[in-house]
Amino acid sequence: PLDILKAAQKLFIDANLFGHILNSLTLCFKAMFYAITISYALATISTMSFFKPIAKFFAQARFLTTVGLSVIFAQLTADTSSQKTSLLVFSITVFLVTSFLGVIADIKKGEYDYAKTLKMNHWQSFWEIIVLGKSDQFLEAIR
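Residues numbered from 1 in each chain as written. Predicted model: local features only at pLDDT ≥ 70, side-chain atom pairs only at ≥ 80, totals over all residues. Heavy atoms only, no water.

**Let's talk about the environment of glutamate 128**
Right, on to step 1. Along the polypeptide, glutamate 128 turns up in helix H7 (residues 122-132).
Right, on to step 2. Excluding its chain neighbours within four sequence positions, the residues that come into contact with glutamate 128 are Met120 and Gly133. (Helix = DSSP H or I, 4+ residues; strand = E, 2+ residues; numbered from the N terminus. Contact = heavy atoms within 4.5 Å.)

**Observations regarding the nonpolar core**
Right, on to step 1. Membership of the largest hydrophobic core comes to 21 residues, with the highest contact counts inside it found for Leu101, Ile130 and Phe138.
Right, on to step 2. Elements with a contribution of two residues or more to this core: helix H2 (17-45), helix H3 (52-60), helix H5 (80-105) and H7.
Right, on to step 3. For this core, the element with the most residues is H5, which contributes 8 residues.
Right, on to step 4. When residues no more than four places from it in sequence are discounted, the contact partners of isoleucine 130 are Thr44, Thr47, Ile107, Tyr112, Ser125, Ser135 and Phe138.
Right, on to step 5. By size, the runner-up hydrophobic cluster in this structure holds 6 residues, among which are Ala61, Phe73, Leu87 and Phe90. (Core = buried A, V, L, I, M, F, W, Y, C linked by side-chain atoms within 4.5 Å. Buried < 20%, exposed > 50% of the residue type's maximum accessible area, 1.4 Å probe, protein only.)

**Thoughts on the layout of surface pockets**
Right, on to step 1. Roughly 200 Å³ of internal volume is contained in the largest pocket.
Right, on to step 2. Lining the largest pocket, in full, are Ser46, Thr47, Lys52, Lys56, Leu101, Gly102, Ile104, Ala105 and Tyr112.
Right, on to step 3. Residue contributions to the lining of the largest pocket peak at 4 residues, all from H5.
Right, on to step 4. Taken together, the residues of the lining of the largest pocket break down into 4 nonpolar, 3 polar and 2 charged. (1 Å grid on protein atoms, 1.4 Å probe; cavity = no way out; pocket = protein on both sides within 12 Å on 5 of 7 lines; lining within 4 Å. Points joined across faces, edges and corners; volume = space filled by probe spheres on them. Nonpolar A, V, L, I, M, F, W, Y, C, P; charged D, E, K, R; others polar.)

Structural data, given as structure tokens:
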């Protein structure tokens, strides 16, 4: 145990282990924030028929390999930090879009009919049913 403590001290002081851990955590939190924002926006606008194919494309993109994507993202980004962030955001987004689309697909027609009987317009029913009504399931999909 004494040798382990000495090695840990050497890693934290000489090799800046705390800085690297902080850098990795920052990258992960930033990527999660971007991925959640993009996925939620794509899933919610997929209720309009024009955006449905775009959301379906992102849902199907989860079958792409990250080996080929890393080359594409290397060409599109300026430095390695933005490449890591964008590749991580893309990898998380495709799975979150799939989960979010599943949440939206589980909405019953009766919920929309009930909103119509309350004389809600399209945007009011969208807000009540999808944004407010399914927010717990969106948070569960993120978790």
